[in-house]
Amino acid sequence: MTVKKVIYVDMDDVLCNFKKAFREAVEAEPGLNYPQSRYGFFANLEPMPGGLEAMAWLRKQADFDIYILTSPSTKNPLCYTEKRVWVEKHLGMEMVQRLIINPRKNLNMGDYLIDD
């Protein structure tokens, strides 16, 4: 029996383009310190170029057990729901069941973390 390698994949700036949305929000509204605290910020993030394709490839590998591990924005309590909505929209329900939202990523046991 082969033990699968556990791989965690971050969302922000790995699967979805957080920095671009942040920059655009600040440019549109100078002085806005926490655009990620706005309703809809996380649910409407664009996928990173190649991110969804890389995730699809990882999911097909028999030797890997893939999870999404992302930190919440403490400035936006809605981000928990919005990140879950984003995952369902772009990766499907199977990955929703593999979504871990944790402000302390270092507490998760695994083999690899793909993070920015």
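One structure accompanies this document, and this report is about it. (Residues numbered from 1 in each chain as written. Predicted model: local features only at pLDDT ≥ 70, side-chain atom pairs only at ≥ 80, totals over all residues. Heavy atoms only, no water.)

**Some points on the pairing of strand E2 (residues 64-70)**
The condition that has to hold: Three labels apply to residues, based on accessible area from a 1.4 Å probe with only protein chains included: buried if under 20% of the type maximum, exposed if over 50%, partly exposed otherwise in between. Here a helix means four or more residues in a row that DSSP labels H or I, a strand means two or more in a row labelled E, and each is numbered from the N terminus. For two strands to count as paired, DSSP must find a minimum of two bridges between them.
Burial of E2 is extensive: five of the seven residues sit out of reach of the surface. With five bridges connecting them, strand E1 (residues 5-9) and E2 associate as parallel partners. Residue Ile7 lies in a different strand from E2, and its bridge partner there is Ile66. Pairing of E2 with strand E3 (residues 99-101) involves three bridges; the strand directions are parallel. Within E3, the residue paired with Ile68 across the bridge is Leu99.

**Examining the pattern of salt bridges**
Opposite charge on two side chains permits them to pair, given that their charged atoms come into close proximity. So the rule is basically this: Counted as salt bridges are all cases of a side-chain nitrogen of Lys or Arg within 4 Å of a carboxyl oxygen of Asp or Glu.
Scanning the model with the defined rule gives nine salt bridges in all. Glu29 serves as the salt-bridge partner of Arg38, at 2.8 Å between the closest nitrogen and oxygen. Residues Asp115 and Lys105 are paired through a salt bridge, measuring 2.8 Å at the closest nitrogen-oxygen approach. A residue pair is termed long-range when its members are at least 10 positions apart, and Asp115 in the segment after strand E4 (112-114) and Lys105 in the loop between E3 and E4 qualify at 10 residues. We classify Lys105 as buried; its relative accessible area is 17%. Salt bridges sharing common partners tie together Asp10, Lys105 and Asp115.

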